Amino acid sequence: MSDKRVRTRFAPSPTGFLHIGGVRTALYAQLLAKKHGGIFLLRVEDTDQARMVPGAVENLCRTLQQLNITPDEGVWLDENGAVTERGEHGPYTQSKRQAIHQKYAQELVAMDKAYPCFCTAERLEELRQTQEITKRPTGYDGHCRNLDKQEVQNRIANGEKHVIRLKLPKEGSVTINDVIRGDVIFDWKLIDDQVIIKSDGMATYHLASMADDHDMAITHVIRGEEWLSSAPKHVFIYEAFGWELPVFAHLPLILNQDKSKLSKRQGDVAAEDYLQKGYLPPALINFLALLGWNPSGEREIYSHDELAELFNLEKINKAGAVFNLEKLNWLNNHYLRLLPDEEYLALINPHLPAAEQDLEFKNRIALLFRERLILPSEISVWSEFFFADKLDYSAVKLNWKDHSTNEAIERLKAAKTWIAELTEEQEHDAGAIETIIKDKIQTQGWGNGDTLWPLRVALSGAEKSPSPFELIATYGPKRSLARIDEALAFLLK
RNA sequence: GGCCCGUUCGUCUAGGGGCUAGGACGUCACCCUCUCACGGUGAAAACAGGGGUUCAAUUCCCCUACGGGCUACCA
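Residues numbered from 1 in each chain as written. Chains lettered and ligands numbered in written order. Predicted model: local features only at pLDDT ≥ 70, side-chain atom pairs only at ≥ 80, totals over all residues. Heavy atoms only, no water.

Attention shifts here to the sheet that holds strand β5 (residues 114-117). Spatial strand order, β5-β6-β9: three strands in an open sheet with antiparallel pairing. One side of each edge strand has no neighbouring strand; the edge strands of this open sheet are β5 and β9 (195-197). The sheet shows a mean angle of 40° between the axes of neighbouring strands, taken without regard to direction. In terms of strand pairing, β5 meets strand β6 (residues 163-166) through four bridges, oriented antiparallel. Considered in β6, the bridge of Y115 is made with R165. (Pairing = 2+ DSSP bridges. Helix = DSSP H or I, 4+ residues; strand = E, 2+ residues; numbered from the N terminus. Axes fitted to C-alpha atoms, helices over the stretch in contact; angles between N-to-C directions.)

Turning to the packing of aromatic side chains, a few remarks are in order. Enumeration over the complete set of coordinates arrives at 21 aromatic pairs. With a centroid separation of 5.1 Å and an interplanar angle of 80°, the aromatic rings of F287 and F323 are classed as edge-to-face. Placement of the pair is F287 in helix α9 (residues 281-289) and F323 in the loop between β13 (321-322) and α11 (325-338), with a sequence separation of 36 residues. What makes F287 buried here is its relative accessible area of 5%. Looking at F323, the relative accessible area reads 8%, which means it is buried. The structure contains a cluster of three or more aromatic residues connected by ring pairs, namely F361, F369, W382, F385, F386, F387 and Y475. The lysine or arginine in question, R86, covers the ring of W76, its NZ or CZ lying 3.6 Å from the ring centre. Cation over ring: R165 sits above Y140, and NZ or CZ is 3.6 Å from the ring centre. (Phe/Tyr/Trp six-rings, centres within 6.5 Å; stacked < 30°, edge-to-face > 60°. Buried < 20%, exposed > 50% of the residue type's maximum accessible area, 1.4 Å probe, protein only. Lys NZ or Arg CZ within 6 Å of the ring centre and 35° of its normal.)

Taken as a whole and assessed by the stated rule, the structure comprises zero disulfides. Summary of cysteine pairing: C119 is not part of a disulfide, and the nearest cysteine sulfur, belonging to C144, is at 3.6 Å. Owing to a relative accessible area of 3%, C144 belongs among the buried residues under this scheme. (Disulfide = S-S within 2.5 Å.)

On to the protein's contact with RNA strand B. Around RNA strand B, a shell composed of 62 residues is seen, among which R181, G292, E298, R372 and S465 lie nearest. Counting only the atoms of RNA strand B within 4 Å of the protein, the fraction contributed by sugar and phosphate is 73%. Within the side chain of S296, one N or O atom sits 2.9 Å away from a phosphate oxygen of RNA strand B. In this structure, R372 approaches RNA strand B through a side-chain N or O atom, which is 2.3 Å from a base oxygen. Sort the elements by how many residues they give to the surface near RNA strand B and helix α18 (residues 448-460) lands first, with five residues. Broken down by class, the residue content of the surface near RNA strand B amounts to 24 nonpolar, 15 polar and 23 charged. (Near = heavy atom within 4 Å. Polar contact = N/O pair within 3.5 Å; in protein donor to acceptor, adjacent residues only side chain to side chain. Nonpolar A, V, L, I, M, F, W, Y, C, P; charged D, E, K, R; others polar.)

This part takes up the domain arrangement of chain A. Its domain assignment divides chain A into domain 1 (7-92 + 254-322), domain 2 (95-251), domain 3 (339-386) and domain 4 (388-492). Taking only C-alpha atoms into account, the centre of domain 1 sits 27 Å from that of domain 2. Tallying the contact residues gives 25 residues for domain 1 and 25 residues for domain 2. Together, the buried faces of domain 1 and domain 2 total about 2300 Å²; carbon and sulfur atoms form 55% of this surface. Among the residues domain 1 hides against domain 2, the three largest losses belong to R7, R9 and T47. Together they make up 27% of the total. One can count four salt bridges joining domain 1 with domain 2. The salt bridge involving D213 is made with R43; its shortest N-O contact spans 2.9 Å. Linking domain 1 with domain 2 are twelve residue pairs in polar contact (both at pLDDT 80 or more), by the criterion used here. Taken together, the elements giving at least two residues each to the side of domain 1 that touches domain 2 come down to β1 (7-10) and α1 (20-35). (Domains from an automatic or database assignment. Contact = heavy atoms within 4.5 Å. Buried area = accessible area lost by both parts, 1.4 Å probe. Salt bridge = Lys/Arg side-chain N within 4 Å of Asp/Glu carboxyl O.)

Glycine aside, the phi torsion of most residues is negative, and most peptide linkages are trans. G90 connects to P91 through a cis peptide bond whose omega is -5°. Of note, the phi angle at D112 is positive, near 65°, even though the residue is not glycine. Residue position: D112 is located in the loop between α3 (98-110) and β5. Positive phi outside glycine occurs at S296, with the angle close to 80°.

Now for the pattern of salt bridges. All chains considered together, the criterion is met by 31 salt bridges. Residues K34 and D305 are paired through a salt bridge, measuring 3.7 Å at the closest nitrogen-oxygen approach. A residue pair is termed long-range when its members are at least 10 positions apart, and K34 in helix α1 and D305 in helix α10 (residues 304-310) qualify at 271 residues. A relative accessible area of 40% means that K34 is categorised as partly exposed. The class for D305 is exposed, based on a relative accessible area of 53%. A salt bridge links D485 to K416; its shortest N-O distance comes to 2.5 Å. Residue D485 is located in helix α20 (residues 477-492), and its partner K416 is located in helix α16 (residues 405-420); the two are separated by 69 residues in the primary sequence. For D485, a relative accessible area of 35% translates into the label partly exposed. Under the relative-accessibility criterion, K416 is labelled partly exposed at 25%. Because the salt bridges share partners, they merge into one network encompassing R9, R43, E45, R97, D212, D213 and D215.

All buried positions along helix α2 (residues 56-66) are accounted for by A56, V57, N59, L60, C61, T63 and L64. Of the surrounding secondary structure, the elements contacted by the buried residues of α2 are β1, α1, β2 (39-42), β3 (73-77), β4 (83-86) and α8 (271-277). Looking one or two residues beyond α2, the residue adopting positive phi is N68, at roughly 65°.

What follows is the structure, encoded as structure tokens:
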């Protein structure tokens, strides 16, 4: 490679949500640009008017920016959240480049590398059906490939509807050099004369994307594997114009559990859904980066910056990768635990009852369950008993194993006096509380189990919960004593 | 059907002509322990199959099987 500046791009079409696979494609493009001090740009491919979804561009940009995959150039969201463009190579929205695409198409026609085609949709449909019935490969039969020039001019002058097709070689082969897959050879005779300008005047992907990649000085075309089969057409266009080819990298697909292409049916594929559920951007980035690429070694955790430093196209895997939600969950828990307390608390607070006014109490609860959470929203289930007016003890056993109820009552009464004696410094210190209570238990000659179990169940109303020391520290003495009284009342009833 | 791509534990992967094939998630066991979670220790778990090449193939080549992508006036 020459030392020219690396320029990569992510070029989605605004047909709805941002697919999680698209996020990875965008991420790799950004990572490569970052690594080489280059430019990562966002271009919107909206040449198919029929599939346009209102608001999709904003949504796309917002999701990308939330994930810190903000483009250096091209389409982006300004401070007010409005869609704008920046950069010298614009416009970056393909529908605004129609005239440019038209000009390139005419040049191709002039060079005899493309031709107008007047075939109707009906004729094409008939052709396909005949081919299918006779079990021949489907494809355009070249009906308009060699029309008389004068006839073509007349028909166009008469306003006859037409498209422009590529005039591909009929023999020989073409070799695509892909950084990930090496040389891939295709026979020209098997490749269709692809439509590059539709009858509505809009270019198709094949022309639009190549023309724009060239005009925007893209050095590395990073895209999904589904494009590999059409790469010959793209190389043909580049070579027809004598343009220097970009580096091609066709990424392996992200798959469902059953190895089919990741689809909506089998889980969430929209990046925004993950964000909304509470998956953290660094966790998502870490996870996606390692889905199909690995810098070698045994590390699992990488920051966005570290990824940019280590990234390289050559180490991308060839095989598709199953989207492993379990691992994403593990990563999210990991990143949740790494968050500064302030940020963590801000994330959790919305999931705690708004009616509870004691913010300190709520914060202690949030911190208590931190290592158990995969998603912030899960706090509401874990912490439910803290906010309940009354606990229901009927479903749990307050006495330890085969110990008696009277024994449980005795231990709970003792615990009340211990809690009442806690100093202000001790009352929210689980460690100190543990030392004190264990010491008291020992002086009494009691056992940890027969004392701590009733105490913990009295405080939580549940068989499974954090330790009684943590519960006391989280509740504070007043609420702790009230809970124990509730349990006592239940036992003495 | 045709063309193209792929195949290391269940999953993500490391490795690469000679290794006890390594790590992570998940699973299981044990430890810690009043329960759960965390943490610690350990276990089960893979080179798709068949031919070559080679002193030696999981690694290189070929074939088969299986999986996937493409086969639009969609991207």
